[in-house]
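Understanding the architecture of this molecule
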Amino acid sequence: GKREDAMAVEGAMGAFQAQGMQFKDAACEKIAANVATTLGMGAVELAEEYEVFHINKGENSNVVTADLLELFRAHLQAEKAKTQKTRIAKSGGKSWHTYSKQDLDDVVITSFNPKAKAVERPVEKENFAIRSTIPRRKRPSELEELQPSKKSSFAQRPQKGTVFSSLAVSINHQGLEKDSENAPRAATHPMKGGLLNYIKGPSSKVNFMFDTLENKAKLLEERMVRFVDILEKEYDIPAANATYSIANEPVVVVGRVCSDSSEGRINEASILLEGSMRHSKGLRVRLDTSRLKSLSLFPGQVIAVEGLNPSGHCITAL
């Protein structure tokens, strides 16, 4: 009704004013609201699209006239038709048909029969099988080249599973109880002194060969932060700079050497520098070493680099 039209006009005015545009008269406001309603666009989206259209057309004035709005309407309709044509071409010529509420009501009325009895149809189980045009990769157990050969000498050996001899079956474990803290962890041997403690492994209070990812990340973080502290306190070099900070003057950045690929060896074109969480939020940037006469790097190495970073994405080492 009139109230909805007035709200649409008011919304269009506010959206265009936010973009620095103003309508020439009240007729232009109504045309803008009509364009938004016809094309199913919001007031903000309409104003943003018009600003792009206004700039591309080369208009210098910020006054929106009726002629410009009509040209803008034709432009949006042409873009919409072009997008729909491209979508149909990508779908192989099959386009979607939009049904109206009246069409759906007709279908419901003509197809609904309250006296009809429900017919149970048998469900075919094979229809639920997932079929794909992409060939499935064979498992290692299915590859012929990995299957054990039945003609090999090992497969045809006699007395399979027979124990011929045993070693160290009568070792004396005197003084080493199973439940005590001095009980062997990895191996036992009839020796005394420090060598026996070395052979039996760490005590129960030590998590042997158990490092979590969190502990590893914490260790790397502490190493980089400690490197920065040493440079600043002992050598008076300001090194607490972020890897992503724009620097048109030479600065010192501390980070860990990484590669842009998880496979292959590191080379001059694949070097990345990962900063600490405290100073660089753990972000990585590319490291350009083309100006250096020589260098020696390996992945995981914590280094300090003096260089420029004019873009914030690549440090040029000096």
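Everything numeric in this text was worked out from a predicted model, so none of it was measured.

With respect to helix H3 (residues 43-57)
- Taking 1.5 Å per residue as the helical rise, H3 with its 15 residues ought to reach 21 Å, and the 21 Å between its terminal C-alpha atoms agrees with that figure.
- The set of residues buried in H3 consists of Leu46, Ala47, Tyr50, Phe53 and His54. Buried residues of H3 fall within an arc of 125° about the axis and therefore sit on the same side. Set apart from the buried face of H3 by more than 90 degrees, the exposed residues are Val44, Ile55 and Asn56.
- Backbone geometry just downstream of H3 places Gly58 in the positive-phi region, at approximately 85°.

Let's talk about the confidence of the model for the protein
- Residues at a pLDDT of 70 or more form 68% of the protein, whose mean pLDDT is 76.
- Every residue in residues 108-112 is under pLDDT 50, and counting partners more than four places away or in other chains gives zero contacts.
- A low-confidence stretch, residues 175-193 (pLDDT under 50), is modelled with 26 contacts involving residues beyond four sequence positions or located in other chains.

A few points about the side chain of Glu221
- Looking at where Glu221 falls in the secondary structure, it is placed in helix H7 (residues 213-234).
- Within the structure, Glu221 has its side chain in polar contact with the backbone nitrogen of Met277 (distance 2.8 Å).

Focus: the nonpolar core
- With 21 residues, the main nonpolar core has Phe16, Leu46, Tyr50 and Leu69 as its most contacted residues.
- At the level of secondary structure, the elements contributing two or more residues to this core comprise helix H1 (2-18), helix H2 (26-39), H3 and helix H4 (66-90).
- Here the element with the most residues in this core is H2; it accounts for six residues.
- In contact with Leu69, not counting residues within four places along its chain, are Phe23, Cys28, Ile31, Ala32, Tyr50 and Val64.

Rules of the game
- Residues numbered from 1 in each chain as written.
- Predicted model: local features only at pLDDT ≥ 70, side-chain atom pairs only at ≥ 80, totals over all residues.
- Heavy atoms only, no water.
- Helix = DSSP H or I, 4+ residues; strand = E, 2+ residues; numbered from the N terminus.
- Expected span 1.5 Å × (residues − 1).
- Buried < 20%, exposed > 50% of the residue type's maximum accessible area, 1.4 Å probe, protein only.
- Arc of directions from axis to C-beta.
- pLDDT = per-residue confidence, 0-100.
- Contact = heavy atoms within 4.5 Å.
- Polar contact = N/O pair within 3.5 Å; in protein donor to acceptor, adjacent residues only side chain to side chain.
- Core = buried A, V, L, I, M, F, W, Y, C linked by side-chain atoms within 4.5 Å.

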